[in-house]
Amino acid sequence: QRSLRVSANAEPESGTPAPTQPVQPATPTAIATTSAVADKTPVEAFLFPDPEELPDDVPMSIWDHFEELRERILLAAIVCGIAIGACFCFSKDLVVFLEEPVATQGVRFLQLSPGEYFFTTFKVAGYTGLLLAAPTVLYEVIAFVLPGLTKSERQFLGPIVLGSSGLFYAGLFFSYAVLTPAALNFFVSFADGAVESLWSIDQYFEFVLVLMFSTGLAFQVPVIQLLLGQTGIINSTQMFSVWRYVVVGSAAVAAVLTPSTDPFTQTLLAVPLCGLYMGGAGLVRVLEQRKLTAGSGEAWKKQGTCFRRGLNVIEHLRGDGSLSGQTIGKN
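My aim in this report is to walk through the structure given alongside it, one point at a time. (Residues numbered from 1 in each chain as written. Predicted model: local features only at pLDDT ≥ 70, side-chain atom pairs only at ≥ 80, totals over all residues. Heavy atoms only, no water.)

### Brief notes about the overall build of the chain
Then comes step 1: Counting secondary structure elements, the chain contains 14 helices and two strands.
Then comes step 2: Of all 331 residues assigned to the chain, the portion counted as buried reaches 28%.
Then comes step 3: Once local pairs closer than 6 in sequence are excluded, the contacts in the chain between residues at least 24 apart make up 80%.
Then comes step 4: Of the accessible surface of the chain, which amounts to about 21300 Å², a share of 66% is contributed by carbon and sulfur atoms. (Helix = DSSP H or I, 4+ residues; strand = E, 2+ residues; numbered from the N terminus. Buried < 20%, exposed > 50% of the residue type's maximum accessible area, 1.4 Å probe, protein only. Contact = heavy atoms within 4.5 Å. Areas by Shrake-Rupley, 256 points an atom, 1.4 Å probe, with all protein chains shown as cover.)

Structure follows, in structure tokens:
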């Protein structure tokens with residue numbers, strides 16, 4: 001405002017004095033709006049973003065939202081149905097694939113009730129079909145919520161979605177390749193020489209499928225940390241400060257998620273959970289430092305712009321003779 005006043009009071013080159021234009025003071029409404037934006041907490045800024053941050057904000061009635069939601073749910077359900085039907089055609093191959101962790105341990109699977117194997121194949125086909133249809137379902141969810149996201153939220157939407165999907169499938173692979181064979185081999189070796197391993201096909205797949213999906217969900221810990229860190233609800237320092245509680249919590253979560261009661265299987269899941277938590281906290285710290293560096297650079301850029309504008313004003317006044325070099329030196 002001071003620079004504007006100096007430029008307004010400066011005489012033009014023609015020698016005709018320019019009329020003085022006083023600077024309009026900020027209105028109470030603008031001051032209140034600026035104060036309200038500055039006083040927002042991270043949670044309030046997340047729930048009530050500024051209108052400028054919503055580029056695709058289109059007024060819609062509640063019935064229009066319900067209509068769009070109905071169409072997207074219907075499309076996702078159709079894709080899931082097609083995927084489950086296709087997987088049911090290869091249900092026997094899927095059953096043999098899931099029996100691989102104990103195929104060399106001499107375990108025999110029995111059908112203890114009429115239709116048990118038939119309904120088990122339905123269950124296996126359903127879980128596998130949902131996995132195959134997950135990208136379509138995820139796309140429909142993102143397309144529905146995308147217009148309500150701010151510009152800053154859209155920047156990390158892609159990495160979060162890809163990271164969440166990758167971690168979930170990594171959890172499935174870890175459970176199938178490491179966790180499930182270790183748990184089943186423990187049970188078989190513990191019963192060796194005492195009883196013969198004759199397992200119900202339905203209970204076996206219940207064990208394997210629950211363990212795999214619970215492991216995939218447990219691998220979403222870094223994604224949750226990243227969301228909390230980006231919204232400002234919690235920072236990396238707070239995450240690292242509660243590492244003792246994380247160790248105890250990982251053991252408790254592993255005890256709840258794993259269907260077995262042996263400590264060996266629970267430890268195999270608790271250790272990766274602790275590692276994922278520490279990795280997520282480290283990623284949040286890296287993003288915080290990058291944001292801090294970007295903010296510092298922006299501040300220096302603004303200061304440099306103000307300095308250059310001040311020099312331009314001084315040069316303009318010196319050219320008009322309204323400000324002497326001695327006065328400039330004193331200032």
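Additional details are given in the paragraphs that follow.
### Some details on the packing of helix 8 (residues 157-191) against helix 9 (residues 201-218)
Then comes step 1: Contact geometry of helix 8 with helix 9 gives a least axis separation of 8 Å together with a crossing angle of 140°. With respect to helix 9, the element helix 8 is oriented oblique. Of the two elements, helix 8 crosses helix 9, and the hand of that crossing is right-handed. Between helix 8 and helix 9, the contacting residues are Leu167, Phe168, Gly171, Leu172, Phe174, Ser175, Tyr176, Leu179, Thr180, Ala183, Leu184 and Phe187 on the first element and Tyr204, Phe207, Val208, Leu211, Met212, Phe213, Thr215, Gly216 and Leu217 on the second. (Axes fitted to C-alpha atoms, helices over the stretch in contact; angles between N-to-C directions. Parallel < 35°, antiparallel > 145°, perpendicular 65-115°, else oblique. Left-handed = near helix turned anticlockwise from the far one by under 90°.)

### Observations regarding the nonpolar core
Then comes step 1: Of all hydrophobic cores here, the largest spans 33 residues; its most connected members are Leu98, Trp199, Tyr204 and Phe205.
Then comes step 2: Those elements that place two or more of their residues in this core are helix 5 (91-98), helix 6 (116-145), helix 8, helix 9 and helix 13 (263-320).
Then comes step 3: It is helix 9 that contributes the most residues to this core, ten residues altogether.
Then comes step 4: Those residues in contact with Tyr204 that lie beyond four places of it in its chain are Leu98, Glu99, Pro101, Val102, Phe109, Leu184 and Trp199. (Core = buried A, V, L, I, M, F, W, Y, C linked by side-chain atoms within 4.5 Å.)

### Here we look at the packing of aromatic side chains
Any two aromatic rings considered together are summarised by their centre-to-centre distance and by the angle between their planes.
Then comes step 1: For the coordinates displayed, the defined rule picks out 14 aromatic pairs.
Then comes step 2: With 4.7 Å between their ring centres and 10° between their planes, Phe97 and Tyr176 make a pair best called stacked. Of the two residues, Phe97 sits in helix 5 while Tyr176 sits in helix 8, which places them 79 residues apart along the sequence.
Then comes step 3: Aromatic side chains Trp199 and Tyr204 sit 6.1 Å apart centroid to centroid with 25° between the ring planes, which places their arrangement in the stacked category.
Then comes step 4: Tyr204 sits in the buried class, given a relative accessible area of 3%.
Then comes step 5: By way of ring pairs, the aromatic residues Phe88, Phe118, Phe119 and Phe122 are connected into one cluster. (Phe/Tyr/Trp six-rings, centres within 6.5 Å; stacked < 30°, edge-to-face > 60°.)

### A few points about the pattern of salt bridges
Should their charged atoms come close, side chains of opposite charge can pair.
Then comes step 1: For the structure on display, the rule yields five salt bridges.
Then comes step 2: Glu67 is the partner of Arg70 in a salt bridge, and the nearest nitrogen-oxygen pair spans 2.8 Å. Here Arg70 pairs with Glu67, and both are found in helix 4 (residues 62-89), just three residues apart, close to one helical turn.
Then comes step 3: Judged by its relative accessible area of 47%, Arg70 is partly exposed.
Then comes step 4: Close ionic contact of Lys123 with Asp202 constitutes a salt bridge, the shortest N to O distance being 3.2 Å. With a gap of 79 residues between them, Lys123 in helix 6 and Asp202 in helix 9 connect regions that are remote in the sequence.
Then comes step 5: Residue class for Lys123 comes out partly exposed when judged on its relative accessible area of 24%.
Then comes step 6: The network of salt bridges with shared partners includes Glu68, Arg72 and Glu140. (Salt bridge = Lys/Arg side-chain N within 4 Å of Asp/Glu carboxyl O.)

### Topic: a nonpolar patch on the surface
Then comes step 1: A grouping of Ile62, Trp63, Phe66, Leu69 and Ile73 is seen on the molecular surface, where their side chains present a nonpolar patch of about 550 Å² in accessible area.
Then comes step 2: Within the element layout of this structure, Ile73 appears in helix 4.
Then comes step 3: On the accessibility criterion, Ile73 (52% relative accessible area) is exposed. (Patch = residues over 30% accessible without salt bridge, like charges linked within 9 Å, V, L, I, M, F, W, Y side chains within 5 Å.)

### Some details on helix 10 (residues 221-230)
Then comes step 1: If you check which residues of helix 10 are buried, you get Pro222, Val223, Gln225, Leu226 and Gly229. All buried residues of helix 10 project into a common sector of 160° when viewed along the axis, lining one side. (Arc of directions from axis to C-beta.)

### Some thoughts on the environment of Gly129
Then comes step 1: The residue Gly129 is located in helix 6 in this model.
Then comes step 2: Look at Gly129 and you get buried, because its relative accessible area is 0%.
Then comes step 3: For the pair Gly129 and Ile84, spaced 45 residues apart in the sequence, the C-alpha separation amounts to 4.1 Å.
Then comes step 4: Setting aside its immediate chain neighbours within four residues, Gly129 contacts Ala83, Ile84 and Cys87.

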